[in-house]
Amino acid sequence: MLDLLKECEEAGRIGISGHIRPDGDCVGACLGLWQYLKKCLPQAQVQVFLEKPADIFEEIKGFGEICSEFPEEEPFDVFFVLDCGADRLGEAEKYFRTANKTINIDHHISNPGSGSINYIRPQVGSSSELIYDLMEEDKLDRDIAMAIYIGIIHDTGVFQYSNTSPATMEKGAKLIRYGFDFPRLIQETFYQKTYLQAQILGRALMESIRFLNGCCIVSVIDRKVMDFYNVEPKDLDGIVNQLRNIKGVECAIFMYQSGVLEYKVSLRSSEKVNVAEVAAYFGGGGHARAAGCTMKGTFHDCINNLSLHIERELLKS
Ligand code: 5GP
Ligand code: MN
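Residues numbered from 1 in each chain as written. Chains lettered and ligands numbered in written order. Predicted model: local features only at pLDDT ≥ 70, side-chain atom pairs only at ≥ 80, totals over all residues. Heavy atoms only, no water.

All right, on to the overall build of the protein then. Per the secondary structure count, the protein includes 12 helices and 11 strands. Against the 2.2 N^0.38 benchmark of 20 Å for 317 residues, the protein shows a C-alpha radius of gyration of 19 Å, consistent with a compact globule. If one aligns the C-alpha atoms of the protein with their principal axes, the spans along those axes are about 60 × 40 × 40 Å. Expressed as a percentage of the 317 residues in the protein, the buried residues total 53%. In the protein, once contacts between residues fewer than 6 apart in sequence are set aside, the share between residues at least 24 apart is 61%. Counting 33 positive and 45 negative side-chain charges, the protein places the averaged centre of each group 4 Å from the other. (Helix = DSSP H or I, 4+ residues; strand = E, 2+ residues; numbered from the N terminus. Rg over C-alpha atoms; globule rule 2.2 N^0.38 Å. Buried < 20%, exposed > 50% of the residue type's maximum accessible area, 1.4 Å probe, protein only. Contact = heavy atoms within 4.5 Å. Lys, Arg positive; Asp, Glu negative; His and termini not counted. Charge placed at Lys NZ, Arg CZ, Asp CG, Glu CD.)

Okay, the coordination of the manganese ion (ligand 2) next. Ligation of the manganese ion (ligand 2) by protein atoms is provided by Asp25 (OD), Asp83 (OD), His107 (NE2) and Asp155 (OD), these donors lying 2.1 to 2.4 Å from the ion. Expressed as a motif, the donor residue spacing for the manganese ion (ligand 2) is D-x57-D-x23-H-x47-D. Of this pair, Asp25 sits in helix α2 (residues 24–40) while Asp83 sits in the loop between β3 (78–82) and α3 (93–98), and the two are 58 residues apart along the sequence. Asp25 gets classed as buried once you look at its relative accessible area, which sits at 0%. Judged by relative accessible area, which is 0%, Asp83 ranks as buried. (Donors = N, O, S within 2.8 Å, 3.2 Å for Na, K, Ca; no water.)

Ile14, Ile16, Leu37, Phe80 and Ile105 are the most contacted members of the largest nonpolar core, which has 55 residues in total. Sorting elements by how many residues they give to this core places α2 first, with 10 residues. Apart from the residues within four sequence positions on either side, Leu37 is in contact with Leu5, Cys8, Ile14, Ile16, Val46 and Phe80. Counting residues in hydrophobic clusters, the runner-up holds 25 residues, among them Phe211, Cys216, Val275 and Met295. (Core = buried A, V, L, I, M, F, W, Y, C linked by side-chain atoms within 4.5 Å.)

Under the criterion given, the structure shown has 18 salt bridges. Of the charged contacts in the structure, one is a salt bridge between Glu7 and Lys101, with a shortest N-O distance of 2.7 Å. With a gap of 94 residues between them, Glu7 in helix α1 (residues 4–8) and Lys101 in strand β4 (residues 101–106) connect regions that are remote in the sequence. Taking the relative accessible area as the measure of exposure, Lys101 reaches 24% and is therefore partly exposed. For the salt bridge of Glu188 with Arg184, the shortest nitrogen-to-oxygen distance reads 2.9 Å. (Salt bridge = Lys/Arg side-chain N within 4 Å of Asp/Glu carboxyl O.)

Let's shift gears to helix α6 (residues 166–176). Of all the positions in α6, only Thr168, Lys171, Gly172 and Leu175 are classed as buried. End-on view of α6: buried residues confined to an arc of 105°, all on one side of the axis. Of the exposed residues in α6, those oriented more than 90 degrees away from the buried face are Pro166 and Glu170. For α6, the elements touching its buried residues are α4 (127–134) and α5 (142–156). (Arc of directions from axis to C-beta.)

Further remarks concern the sheet that holds strand β2 (residues 45–49). Whenever strands of a sheet pair, they do so through backbone hydrogen bonds, lying parallel or antiparallel. An order of β2-β1-β3-β4-β5 is seen for the five strands of this open sheet, with the pairing classed as parallel. The open sheet terminates on both sides in strands that have one partner only, identified here as β2 and β5 (117–120). Across the sheet, the axes of successive neighbouring strands diverge by a mean angle of 15°, strand direction being ignored. Relative to β2, strand β1 (residues 13–18) is paired through five bridges, and the arrangement is parallel. (Pairing = 2+ DSSP bridges. Axes fitted to C-alpha atoms, helices over the stretch in contact; angles between N-to-C directions.)

Attention now goes to the packing of α5 against helix α7 (residues 182–191). Remark: α5 packs on α7, axes separated minimally by 11 Å, with the N-to-C direction vectors making an angle of 50°. Considered as vectors, α5 and α7 are oriented oblique to each other. In the packing of α5 onto α7, the handedness of the crossing is right-handed. Where α5 abuts α7, its residues Met146, Tyr149, Ile150, Ile153 and His154 lie against Phe182, Leu185, Ile186, Thr189 and Phe190. Here the residues of the contact of α5 with α7 sort into eight nonpolar, two polar and no charged. (Parallel < 35°, antiparallel > 145°, perpendicular 65-115°, else oblique. Left-handed = near helix turned anticlockwise from the far one by under 90°. Nonpolar A, V, L, I, M, F, W, Y, C, P; charged D, E, K, R; others polar.)

Encoded structure:
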């Protein structure tokens, strides 16, 4: 087991970062760890570097102190990489490269471990759950518990997806004993959408196309549609899950335009297609039931290429 406090005991400056376009798990894990280290190592300076996360996470303690700019810094004594490998850190990668000690904590099977110390557990449902496992129970408090809980609900779809284990539920039970308002947090951070987010979701569903005899579905949102609704990529979170919810769908694909002839692709499957394999083929990664990648070409090029690999996965099963 990795001893977080021992690894940091001599550190004066500690940095924490996670993947670009940070999701709930990434934000929960980073801020949970940030709070814990600040509390247990009051002499150390601890900083979180992340692209600006969605405002729905602003209630998590430490949200306002996240650095979303990446100025030149003295090398960190310890630098944590959470919920990804160094390849998805974006601008924060420069801190990783110069740090004296790097600790990579992740649950992505596609991550071979990029730190000088690695704690990679693909069988665990979220990075927040991993951080919880590494913390000493008597040092937890309500704010730390809330950060971890939000991370867990986001990556497990509120304890629904197959990455939820009995142990995940037991940890959830322990966490809600700290007394935060979990029904409201689930509603406001996971289910609630703004009017514009709901409209673009409706549009994506309306324009979706089924293929491979209806067991796959795809929808795409182009830049001009995003501009029309005045939405950013983080407003599109959750659309792919709604596509997968459609009866008969084994594999759902959602793509949005991220550049000229470039699409960010999200993949979800129900029980057969290993989408991590499909995404990895195109340079991305993720989990068997949820993965992603970035692809070049027209929408039709992308979907033709994806469809070949999805069909191959379907034939395997
Ligand atoms: P989402 O579709 O929600 O963006 O991502 C689903 C899962 O796949 C997440 O665990 C996410 O970290 C992973 N993922 C998404 N895009 C990429 C990518 O481009 N590269 C890698 N390695 N993982 C990705
Ligand atoms: Mn995660």
